Structure formats: structure tokens, C-alpha cells
Amino acid sequence: MGRHGVNVNSIAPGTFPIGMNDPQVPRTLVQKAGSILSSLIPLRRLGSENDLAGTFLYFASAASKYCTGQILAVDGGFGAKSKDVQNTFVCNRTNYRIAC
């Protein structure tokens, strides 16, 4: 795509509490999961809209005109953690499990 003047990049968001979260999940579970997940993230918090906004603005601006084929992780440093640490959070309508 680059030879046609099209830059292709992507954003890999980490854990963000959003309005699309399943309303069937009890609020207390979401709060507990958020607390546990925050403790696993080097920045010790979940992401917010503002954390993603700057990334979108960067890719949409001339500042990124020499950037293509990139995947930018916005995950509070979680992806930089040791691959030896396996943390999972599974949550769906029938199975609630937090394993850390």
C-alpha cells in the first residue's frame, strides 16, 4: 500500500473499561477484575479514552507520515512483561474466572 501513498498502521489496545462490556457481568466482578488486572499492568491502572486519543491523533496527523506497517501497543506496558508470566482473564455469560 505504501507505494500507492497509503500508510497502514494499527493500534493494539490493552485493557480498557468501556460501555460495550457485557451488562450481564455483575458490577462487583468487573470492579474486582479491574483491580486485579491493574496490579498486573506496569503502570498500575487500566487505560482510558484519553490514553487512546493521542495515539489516534498521531496516526491521523502528519507526524506519522513516515510510519507504516506498525502496530502500536497502548497497554500500560503489559506487553513488555516477561513472556514467562501467563495471566488470563476469562469472562463470558456462563463462565466467570479470574486466574492470575
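Note that the structure is predicted; figures quoted are calculated from it, not measured.

This part covers the overall build of the protein chain. Within the protein chain, the regular secondary structure consists of two helices and four strands. When the 100 residues of the protein chain are sorted by exposure, 18% land in the buried category. The long-range fraction of contacts in the protein chain, counting pairs at least 24 apart against all pairs at least 6 apart in sequence, stands at 72%.

Where nonpolar side chains cluster on the molecular surface, the patch consists of M1, V6 and V8 and spans about 270 Å² of accessible area. Within the secondary structure, M1 is located in the segment before β1 (10–13). Classification of M1 as exposed rests on a relative accessible area of 60%.

Moving on, we get to the pattern of salt bridges. Following the criterion strictly, the structure yields one salt bridge and no others. The salt bridge involving D51 is made with R45; its shortest N-O contact spans 2.8 Å.

This part takes up the confidence of the model for the protein chain. Looking at the protein chain, the pLDDT average stands at 77 and 70% of residues meet or exceed 70. Put simply, strand β4 (residues 96–99) is where the protein chain has its lowest mean pLDDT, 44, and strand β2 (residues 71–74) is where it has its highest, 93. Within the model, pLDDT remains below 50 along residues 84–100, and this stretch shows 29 contacts once partners closer than five positions in the same chain are excluded.

Turning to its location among the elements, D75 is positioned in the loop between β2 and β3 (88–91). Within the structure, the side chain of D75 is placed 2.7 Å from the backbone nitrogen of G79, a separation counted as a polar contact. If sequence neighbours within four positions are ignored, D75 has contacts with G14 and I41.

So, about the environment of S39. Along the chain, S39 turns up in helix α1 (residues 27–40). Within the local environment of S39, its side chain forms a polar contact with the backbone oxygen of I36, the two atoms lying 2.6 Å apart.

Let us now look at the side chain of S64. Mapping S64 onto the fold places it in the loop between α2 (49–60) and β2. S64 sits in the buried class, given a relative accessible area of 3%. When sequence neighbours within four positions are dropped, the list of residues in contact with S64 reads N7, Y58 and F59.

A few words on α2. Think of an α-helix as turning once every 3.6 residues; residues three or four places apart then point the same way. In this model α2 runs 16 Å from its N-terminal to its C-terminal C-alpha over 12 residues, within 8% of the 16 Å that 1.5 Å per residue would give. All buried positions along α2 are accounted for by L52, T55 and F59. Looking straight down α2, one finds its buried side chains confined to an arc of 60°; they lie on one side. Among the exposed residues of α2, those pointing more than 90 degrees away from its buried face are E49, N50, L57 and A60. Considering only its buried residues, α2 is in contact with β1 and β2.

Calculation rules
Residues numbered from 1 in each chain as written. Predicted model: local features only at pLDDT ≥ 70, side-chain atom pairs only at ≥ 80, totals over all residues. Heavy atoms only, no water. Helix = DSSP H or I, 4+ residues; strand = E, 2+ residues; numbered from the N terminus. Buried < 20%, exposed > 50% of the residue type's maximum accessible area, 1.4 Å probe, protein only. Contact = heavy atoms within 4.5 Å. Patch = residues over 30% accessible without salt bridge, like charges linked within 9 Å, V, L, I, M, F, W, Y side chains within 5 Å. Areas by Shrake-Rupley, 256 points an atom, 1.4 Å probe, with all protein chains shown as cover. Salt bridge = Lys/Arg side-chain N within 4 Å of Asp/Glu carboxyl O. pLDDT = per-residue confidence, 0-100. Polar contact = N/O pair within 3.5 Å; in protein donor to acceptor, adjacent residues only side chain to side chain. Expected span 1.5 Å × (residues − 1). Arc of directions from axis to C-beta.

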